[in-house]
Amino acid sequence: MVWLVVVSMAQASPWAEVATTTPGPTAAIGSPANGCLAGARPLPATGTGFVSIRRHRNRYYGHPDTVRLVQDLGRALSKRTHELMMVGDLSQPRGGLMSSMHRSHQNGMDVDIWFRLAGSARSANDRYPEGRHPGSMVTPGGFDLSGDWGEHQRFLLKASADHPRVDRIFVNPAIKRALCRSERGDRSWLRKLRPWWGHDAHFHVRLRCPKGSPRCKQQPPFPAGDGCDQSLAWWFSEEARTPSKQPKKKKKTRPPIPAACKVLLSKP
């Protein structure tokens, strides 16, 4: 089952209408869920070991650290297989809130990577146009890994977690639990894997605030340990898997965007 945070098209974001980046040095501003990106760098359509898909969305921009991460992972994967890693959304040309799909991906430090590999750049774009997603790596019901899971998928997760600039990686709880059960030896990399709904067909990588971006807001660190404890077990509890019957809470007021983002949005 795929869970997505969807922003209503009735709340179209002005950031989605901006088609160009700003010149000058790159700076991540604000947080992943309330920020923007100055001097964004585009991810190439293809590169060693990877292909960027659904580029018509114009969400293939990021901080240079994020672009380098994708390129590093692609090169590492190419030493194992001729197949390609499929890269989904990064950020918009100036970051900011998207009109659909994501609340995060706003400050250029996020990237989605599909678990399933592609035989070629052409097949990736032909097989997975808008609205058609690669298959889940989790069985129906959300308790175990599907038969499509393999060593390449584990490799991509571990290589991402081992990357020095990566802060955290969002994966489906079933994927986290399976790795908690199977990993031997050094398990420290599991700490960066954070369980979250969805993320069964792709994983979401978030990098730390970069040097030279003093207005970037870093997320608080998570608890020590590998995360293979009761906090993970909760995701499989009845409480977690049963929709709440409590009255819906009033929606929180969206915080104002950083002042530097207002300036960035107004630039020609």
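Computed from a prediction, not measured in an experiment: that's the story for all the values here.

Draft legend 1. Structural detail: empty space enclosed by the protein. Per the stated rule, a full pass over the model turns up three cavities of 30 Å³ or more. What lines the second largest cavity is P32, N107, M109, D167, R206, L207, C209, C216, K217, Q218 and Q219. Of the residues in the lining of the second largest cavity, the class split is five nonpolar, three polar and three charged.

Draft legend 2. Region of the structure containing the environment of V51. Note that V51 resides in strand β5 (residues 50–52). Linking V51 and N125, residues 74 residues apart in sequence, is a C-alpha distance of 8.8 Å. In contact with V51, not counting residues within four places along its chain, are A45, T46, L84, M85, M86, V87, A121, A124 and N125.

Draft legend 3. Region of the structure containing the nonpolar core. Grouped together as the largest cluster of nonpolar side chains are 39 residues, with contacts concentrated most on M85, L157, I169, I175, F203 and V205. Taken together, the elements giving at least two residues each to this core come down to α1 (64–78), β7 (84–87), β8 (110–118), α3 (151–162), β9 (166–171), α4 (173–182) and β11 (202–207). It is α1 that contributes the most residues to this core, five residues altogether. Apart from the residues lying within four places of it in its own chain, the contact partners of V205 are L69, M109, D110, V111, I113, S160, V166, R168 and I169. Counting residues in each nonpolar core, the second largest holds nine residues, with V51, W114, A118 and A124 among its members.

Draft legend 4. Representation of the state of the cysteines within the structure. Per the counting criterion, the structure on display carries three disulfides. Between the sulfur atoms of C209 and its disulfide partner C216 the distance amounts to 2.1 Å. Between C209 and C216 the disulfide shows an S-S torsion of about -75 degrees. By sign, it is left-handed. Here C216 falls in the buried class, since its relative accessible area comes to 12%. If you count the bonded cysteines of the chain from the N-terminus, they pair up as 1-6, 2-5, 3-4.

Draft legend 5. Representation of the pairing of strand β2 (residues 34–38) in the model. Among the five residues in β2, five count as buried, and that is most of the element. Side-chain alternation along β2 places N34, C36 and A38 on one buried face and G35 and L37 on a second face that is also buried. Note that strand β1 (residues 27–31) and β2 share five bridges and pair antiparallel. Looking across to β2, one finds that A28 is bridged to L37. A loop of two residues connects β1 with β2, the two strands running antiparallel in sequence.

Draft legend 6. Molecular detail of unusual backbone geometry. Despite not being glycine, N58 has its phi angle at roughly 60 degrees, a positive value. Its place among the elements puts N58 in the loop between β5 and β6 (61–62). Backbone geometry at H105 places phi at a positive 65 degrees, although glycine is not the residue there. For H105, the location among the structural elements is in the loop between β7 and β8.

Draft legend 7. Spatial organisation of the environment of R194. Tracing the backbone through its elements, the reader meets R194 in strand β10 (residues 193–195). Spatially, the C-alpha atom of R194 lies 14 Å from that of F236, the residues being 42 residues apart in sequence. Sequence-distant contacts of R194, that is, excluding residues within four places in its chain, are made with R168, I169, F170, V171, F222 and P223. At 2.9 Å, the side chain of R194 forms a polar contact with the backbone oxygen of R191.

Draft legend 8. Representation of the confidence of the model for the chain in the model. Confidence in the prediction for the chain averages 92 pLDDT; 93% of positions are at 70 or higher. Low pLDDT (under 50) marks residues 1–10, which in the prediction has 21 contacts with non-local residues, meaning those over four places away or in another chain.

Draft legend 9. Representation of the packing of aromatic side chains in the model. Per the stated rule, a full pass over the model turns up seven aromatic pairs. A ring pair is formed by W196 and W235, whose centres lie 5.7 Å apart and whose planes are at 65 degrees; its orientation type is edge-to-face. Of this pair, W196 sits in the loop between β10 and β11 while W235 sits in the loop between α5 (230–233) and α6 (238–241), and the two are 39 residues apart along the sequence. Above the plane of the ring of F155 lies R80, whose end atom (NZ or CZ) is 4.4 Å from the centre. Above the plane of the ring of F143 lies R241, whose end atom (NZ or CZ) is 4.2 Å from the centre.

Definitions and limits used
Residues numbered from 1 in each chain as written. Predicted model: local features only at pLDDT ≥ 70, side-chain atom pairs only at ≥ 80, totals over all residues. Heavy atoms only, no water. 1 Å grid on protein atoms, 1.4 Å probe; cavity = no way out; pocket = protein on both sides within 12 Å on 5 of 7 lines; lining within 4 Å. Points joined across faces, edges and corners; volume = space filled by probe spheres on them. Nonpolar A, V, L, I, M, F, W, Y, C, P; charged D, E, K, R; others polar. Helix = DSSP H or I, 4+ residues; strand = E, 2+ residues; numbered from the N terminus. Contact = heavy atoms within 4.5 Å. Core = buried A, V, L, I, M, F, W, Y, C linked by side-chain atoms within 4.5 Å. Buried < 20%, exposed > 50% of the residue type's maximum accessible area, 1.4 Å probe, protein only. Disulfide = S-S within 2.5 Å. Pairing = 2+ DSSP bridges. Polar contact = N/O pair within 3.5 Å; in protein donor to acceptor, adjacent residues only side chain to side chain. pLDDT = per-residue confidence, 0-100. Phe/Tyr/Trp six-rings, centres within 6.5 Å; stacked < 30°, edge-to-face > 60°. Lys NZ or Arg CZ within 6 Å of the ring centre and 35° of its normal.

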